Amino acid sequence: MSGFPILSLMILLPIAAAAICLFLSDQGARWVALATTALLFVLGILLWVNYEIGGPQWQFVENAPIFGRFAWALGIDGIALMLIMLSVFLMPICVLASWDAIEKRVPEYMAAFLMMESFMIGVFAAQDLFLFYIFFEAGLIPMYLIIGIWGGVERIKASYKFFLYTLLGSVLMLVAMMYMVATAGTTDIPTLMQFNFDPAVQNWLWLAFFASFAVKMPMWPVHTWLPDAHVQAPTAGSVILAGVLLKMGGYGFVRFSLPMFPDASATLVWVVFGLSMVAIVYTSLVALVQQDMKKLIAYSSVAHMGFVTIGLFTFNRQGIEGGLIVMLAHGLVSAALFLCVGVIYDRLHTREIDRYGGLSNNMPYYALFFMFFTMASVGLPGTANFVGEFLALVGAYNANSWVAAVATTGIILGAAYMLWLYRRVAFGESKNADAAAMPDLNAREWVMLAPIAAATLWMGIYPESFIAPMRADVGSLLARVADSTPASDAQLQMGKPKAAAHGEAH
Amino acid sequence: METIKLIVFLPLLAAIVAGLGNRMLGNFAAKLVTTGALFISCALSWPIFISFLNGSAEAHVVPVLDFIRSGSLDVQWALRVDALTAVMLVVVTSVSSLVHLYSWGYMEEDPSQPRFFAYLSLFTFAMLMLVTADSLVQMFFGWEGVGLASYLLIGFWYHKPSANAAAIKAFVVNRVGDFGFSLGIFGVFLVFGTVSIPAILEAAPGYAGSTIGFLGYRVDTLTLLCILLFIGACGKSAQLGLHTWLPDAMEGPTPVSALIHAATMVTAGVFMVCRLSPLFEQSHTAMTVVTYVGAATALFAATVGTTQTDIKRVIAYSTCSQLGYMFFAAGVGAFGAAMFHLFTHAFFKALLFLGAGSVIHAMHHEQDMRYYGALRKQIPLTFYAMMAGTLAITGVGIAGVFGFAGFYSKDAIIEAAFASGTEAGGVAFAVAVFSALLTSFYSWRLIFLTFYGKPRWSGSEHIQHAAHDHGHGHDDHHHAHDDGTAGYHPHESPVTMLVPLALLAIGAIFSGWYFHEWFIGAETGGGFWKGSLAFNEHLMHAMHEVPIWVKYSATAVMLAGFGIAWMAYIRDTTIPARFTATFSGLYQFLLNKWYWDELYDLLFVRPSLWIGRQFWQRGDIGTIDRFGPHGAAELVQQGSKLAARFQSGYLYSYAFVMLLGLVGLATWMIVQ
């Protein structure tokens, strides 16, 4: 594999396919998009198989100077590999989810999706600071278009909100990047990750990046664009938004904030913890009173992202690996939940929870999948979310007992709003005749949901497959932040051993 | 020794086959696969138990697969087999296989039988994973797995709103317990650096007297960990405060109540405390808490049990109360006695539930005992089975001769509480004796209301329906019946239901007498448990030395309870009405279950929804959006006409702005 520019191929192939799509009929565009995304998934598997665990930190490296300091520099570590796998895994499913649901301007739609895939892979593969920025921002354009053209009734307002938030963040990040390049004299991300910025400046740089990543995550209180964007986006748009785009914030924290500004990360860790704790409790309570399925799941996403940010900033291995696994797990499970909403939205064209009910009667296999993903979302052991949340919270407890205690309340509230949603959709009598007449999953929908369920179980039962590639990278991150790690509040103090309280000691 | 893998994974396989096969597979195949798998598991479990009884087996662990490896956190999927597990294996597989068989008859007319049997087998798998866990994380896996199965089975009749509500309540209340359990596991890892149970138990004495920071306080490390873990046990085992889900769980089909909400799942908390008994022993405070919570639950549930009219709810509160006994037994250090009561209780309580199911089956789904009466002659086999269960739970027996199961296990707990000599033990003893009086009363009340007296069936809507339908076929039956039967004829249950009753009755009659030497014998117990729980020989010795009045107090209150019940429900049936009229305040308080549900609704449910609405409407929409994006939009709109074009939302203009930014960036870099 060495020497073959597989990453460039994965970035350029969808762009080429997007261009072709524009000149095809509706059906032609669908097939080209499906074939391209499937091919990229195969390339992704090749990438994973050829990734050498325990090998060099950066693999599949490519570097071609373009002009000035700007270079076409690509390369991935284990964390980027896993996120690329998530992207290429979800994309064919998105194309399938749009197969019948999108009827107008299909070639443009498929082209937008293919462009987005290219940019997503680019974000995770870029090794040049500005190349990263371009992919990071460019990825939003197709998303604006998908929401703004193929979205719901209030799509303009939603895409406007989305735009305003993310623009604000990215402007600050760009300024910070320019300063960094001027100071460090390089745009090479691996070099910057080892560069020691002046601790006084670090805080400002950290905050500038934080503005961008916090919006992307999204963290409270800059989360209000997400429910609107999800509600208005078509199903596949929501899948990619929840599945991959939200993960760019977390990726940014791991790739930039923590290794580049370790001192600032330690100083400002309370900001992250504070906002994450608020997010988990606040958005869970808001989710409890939603009437719109997509809004409910969108709010639950904000809560889940709270576990990610807490985990990543614990400064210990369990926390960081947990945060990363929650990113992957949420990418699978929330994507699947949005697909589940899409399945019934395609049939009845409403997201209002009360219009459904009793779907277990006429859609038993749908009810089974929906139950599975509901349980995965509440973090049932054996599913991917449990592994991530468990590790993140173990890490959190090691860092601070307050954070662990408040965040763990999320498992109570999460169960409440998800089961309440499920009950209203799938249980009870079939009270609406049109909902009761809906047919069960068709073959296309089986092909969409079954692989995600399988991946969720795999990650839940044998997470080693997913942790192993990232282990060394988390290790080097930990080594980088080791000197700044804040002290825990546990402070275990050993006492004098005393006699056992009751009877004989065992 | 790989049979343990078969025992654990056969039920999972059966659940998958029956669950995914569902309607394609058909009822019979689904029932055969699941029930067959369970009987094989059961047949393989008993030899393991017997090998521990005769002392030929040693504790061992069978590894299955890596689970989570993250730095020093190393969790394996592994199956642990020791004496404690062996006890649970036979309890779980025996009751489960009998409940599977019983359900052939009980669920005969249900349209979704494959789903039911798949859930039952799934539950059994999760429970087996729980009892074979070698690490706290795998125990938590089983813990949540049984919670899922319980949720699915309580809500099995999903068209019933009450069943759905009860299912959600069970899951969420259990999650409150899991909150404690999770924090306990996190804390254990922080302190011990491992979640492997044997490693924790070995290291625990070294941490006695150490302190740790928690939420701004400095607390005793082991006390904190034990209490956090115990909160989890309280949730699963429905102890006072987290008990509210258990009575509602009776919305599920009766075989489910017998298996999950009586014999196995609800005892998981007791199992957990016993499994971790060497850890709990290190903290005097934690043991005291366990004792008081257990005693309070025993008393609370017994008082409520005396007033309930739904036959299943009486037994549910009885279960709750007996679980309290098990906990305070553990709290005073008599872990062997706690496990012994868990063991015998599984048989006689499953028997009582399945017997109640047989009554309900005979009475056309009527569950209200006020509409029973005189069923002794109509369904005699069910009557004998229920009698065996009642004799067992009330603890009938003569010391040194023979006793029913509860006579050995419950009396051992009462004596151990006294013998422990601690203040908490003394309180627990007094509470336990009084609760035993109530237990005897409500148990006999159930028997008398159901099987004795005159028929009161005509008051029941279910019966009227049945008799009415029946009447259409036989014209001679449509006359008014003034004998209280409404013309209804209860029928004895089919043989698939009677065989499990008979087998469980054998357990209820003989399990205490036969097994007590192994479980609680002062000389023999240590050899049986072999360190799988903290067996306290001194306490077991002290139990035999208690004063004679202590020894006979349990029997005395048992007889008194019988006498009161006989007076009130056989001799003079006006007594209950007069009593409730006189003490109507007390009666209402008990009838309404001490108003826990109302309290929680007021304290937690309503405020959560209200706060959620406020956060959404006033927080997100009223504040963040108003001053954030919408505020910015207005500002821009007022600012200039050009900006107003942005407001038009023409998307390409946004893309254009992005492009401008990128061009600007590129220019800057070239200039550099």
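A. Structural view of the overall build of chain A. Looking only at helices and strands, chain A has 23 helices and two strands in total. Since a compact globule built from 506 residues should have a radius of gyration of about 23 Å, the 23 Å found for chain A is in line with a globular shape. Counting only C-alpha atoms, chain A reaches 75 × 70 × 40 Å along its principal axes. Counting every position in chain A, which comprises 506 residues, the buried fraction comes to 69%. Approximately 14900 Å² of chain A is accessible, and the part contributed by carbon and sulfur atoms is 66%. Separation between the mean location of the 24 positive side-chain charges and that of the 30 negative ones in chain A comes to 6 Å.

B. A look at the overall build of chain B. Assigned secondary structure in chain B consists of 29 helices and six strands. With the C-alpha coordinates aligned to their principal axes, the bounding extent of chain B is approximately 100 × 75 × 55 Å. Burial status across chain B gives 61% buried among its 672 residues. Relative to all contacts within chain B whose residues are 6 or more apart in sequence, the contacts with residues 24 or more apart total 78%.

C. Main features of helix H3 (residues 78-97) of chain A. For H3 of chain A, spanning 20 residues, the distance from its first C-alpha to its last is 29 Å, which sits close to the expected 28 Å at 1.5 Å a residue. Burial within H3 of chain A is extensive, with 20 of its 20 residues counted as buried.

D. Examining the confidence of the model for chain B more closely. All names here are of chain B. Averaged over every residue, the pLDDT of chain B is 88; residues scoring 70 or more account for 92%. At the level of individual helices and strands, chain B shows its lowest average pLDDT in helix H28 (residues 641-647), which scores 47, and its highest in helix H11 (residues 268-275), which scores 95. In this model residues 640-649 is a low-confidence stretch, pLDDT under 50, and it forms nine contacts with partners more than four residues away in sequence or in other chains. Two summary scores accompany this predicted model of the complex, namely pTM at 0.91 and ipTM at 0.91.

E. Fine view of the interface of chain B and chain A. Taken together, the contact pairs 97 residues of chain B with 99 residues of chain A. At the boundary of chain B with chain A, total buried surface from both sides reaches about 8800 Å², with 70% on carbon and sulfur atoms. The interface formed by chain B and chain A contains one salt bridge. Of the charged contacts, one joins Glu 464 of chain A and Arg 69 of chain B as a salt bridge, the two residues approaching to 3.5 Å between their closest N and O atoms. Where chain B packs against chain A, one counts 16 residue pairs in polar contact (both at pLDDT 80 or more). Of the residues in the side of chain B that touches chain A, the class split is 54 nonpolar, 32 polar and 11 charged.

F. The packing of aromatic side chains, seen in detail. Inspection of the entire model under this criterion finds 94 aromatic pairs over all chains. Arranged with centres 4.6 Å apart and planes meeting at 50 degrees, the rings of Phe 132 of chain A and Phe 256 of chain A form a pair that is tilted. Of this pair, Phe 132 of chain A sits in helix H5 (residues 129-138) while Phe 256 of chain A sits in helix H12 (residues 247-260), and the two are 124 residues apart along the sequence. Ring centres 5.2 Å apart and planes at 55 degrees place the aromatic pair Phe 370 of chain A and Tyr 422 of chain A in the tilted group. Pair noted here: Phe 370 of chain A is in helix H18 (residues 364-377) and Tyr 422 of chain A is in helix H20 (residues 401-426), with a separation of 52 residues, a long-range link. The buried category is assigned to Phe 370 of chain A, whose relative accessible area is 1%. Among the residues examined, Tyr 422 of chain A registers a relative accessible area of 2% and is labelled buried. The ring centre of Phe 136 of chain A lies 3.7 Å from the NZ or CZ of Lys 216 of chain A, which sits over that ring. A cation over an aromatic ring shows up here: Lys 410 of chain B above the ring of Tyr 325 of chain B, its NZ or CZ 5.9 Å from the ring centre.

G. The arrangement of the pairing of strand E2 (residues 70-76) of chain A in detail. Residues and elements named next belong to chain A. For E2, the tally of buried residues reaches six of seven residues, placing the bulk of the element in the interior. Where strand E1 (residues 59-67) lies against E2, six bridges are found, and the strand directions are antiparallel. Paired with Glu 62 across the bridge in E2 is Leu 74.

H. The pattern of salt bridges, seen in detail. Overall, the coordinates contain 24 salt bridges over all chains when judged by the stated rule. The partner of Arg 255 of chain A in a salt bridge is Asp 77 of chain A, with the nearest N and O atoms 2.7 Å apart. You can see Arg 255 of chain A sitting in helix H12 and its partner Asp 77 of chain A sitting in the loop between E2 and H3, a full 178 residues away along the chain. Asp 77 of chain A carries the same exposure label as Arg 255 of chain A, and that label is buried. Residues participating in the shared-partner salt-bridge network are Lys 169, Asp 248, Arg 313, Lys 593 and Asp 597 of chain B.

What counts, and where the lines are drawn
The residue count restarts for each chain, going from 1 along the sequence in the order it is written. Whichever chain is written first becomes A and whichever ligand is written first becomes 1, with later ones labelled in order. Selection of residues for local features in this predicted model requires a pLDDT of at least 70, selection of side-chain atom pairs for listing and counting requires 80 or more, and totals for whole chains, interfaces and linings are taken over all residues. Think of the side-chain values as coming from all heavy atoms in the structure, minus any hydrogens and water. Helix numbers and strand numbers start at the N terminus; a helix is a DSSP run of H or I with at least 4 residues, a strand a run of E with at least 2. In this treatment the radius of gyration is a C-alpha quantity, and the globule benchmark scales as 2.2 Å times the residue count to the 0.38 power. Throughout, exposure labels follow a simple rule: accessible area from a 1.4 Å probe, protein chains only, divided by the maximum for the residue type, with under 20% read as buried, over 50% as exposed, and the rest as partly exposed. Where accessible areas are quoted, they stem from the Shrake-Rupley method and a 1.4 Å probe; at the residue level, only the protein chains shown are allowed to cover. Only four residue types enter the charge count: Lys and Arg as positive, Asp and Glu as negative, with His and the chain ends excluded. Charge positions come from single atoms, namely NZ of Lys, CZ of Arg, CG of Asp or CD of Glu. By definition in these notes, contact holds between two residues if any of their heavy atoms fall within 4.5 Å. To estimate how far a helix should reach, multiply one less than its number of residues by 1.5 Å. On a range of 0 to 100, pLDDT expresses the predictor's confidence in each residue. Put simply, buried area is the surface a 1.4 Å probe can reach on two separate parts but cannot reach once they are joined, added for both. By definition, a salt bridge exists where a carboxyl oxygen of Asp or Glu is found within 4 Å of a side-chain nitrogen of Lys or Arg. Polar contact criterion, stated in full: a pair of N or O atoms within 3.5 Å, where within protein one must be able to donate a hydrogen and the other to accept it, and residues adjacent in sequence count only if both atoms are side-chain atoms. Polar here means any residue other than Ala, Val, Leu, Ile, Met, Phe, Trp, Tyr, Cys and Pro, which are nonpolar, and Asp, Glu, Lys and Arg, which are charged; Gly is therefore polar. Two rings belonging to Phe, Tyr or Trp (six-membered ring only in the last case) form a pair when the distance between their centres is within 6.5 Å. Interplanar angles under 30 degrees mark stacking, angles over 60 mark edge-to-face geometry, and anything in between is tilted. Lysine NZ or arginine CZ positioned within 6 Å of the ring centre and within 35 degrees of the ring normal marks a charge as sitting over the ring. Strand pairing is defined by DSSP finding a minimum of two bridges between the two strands.

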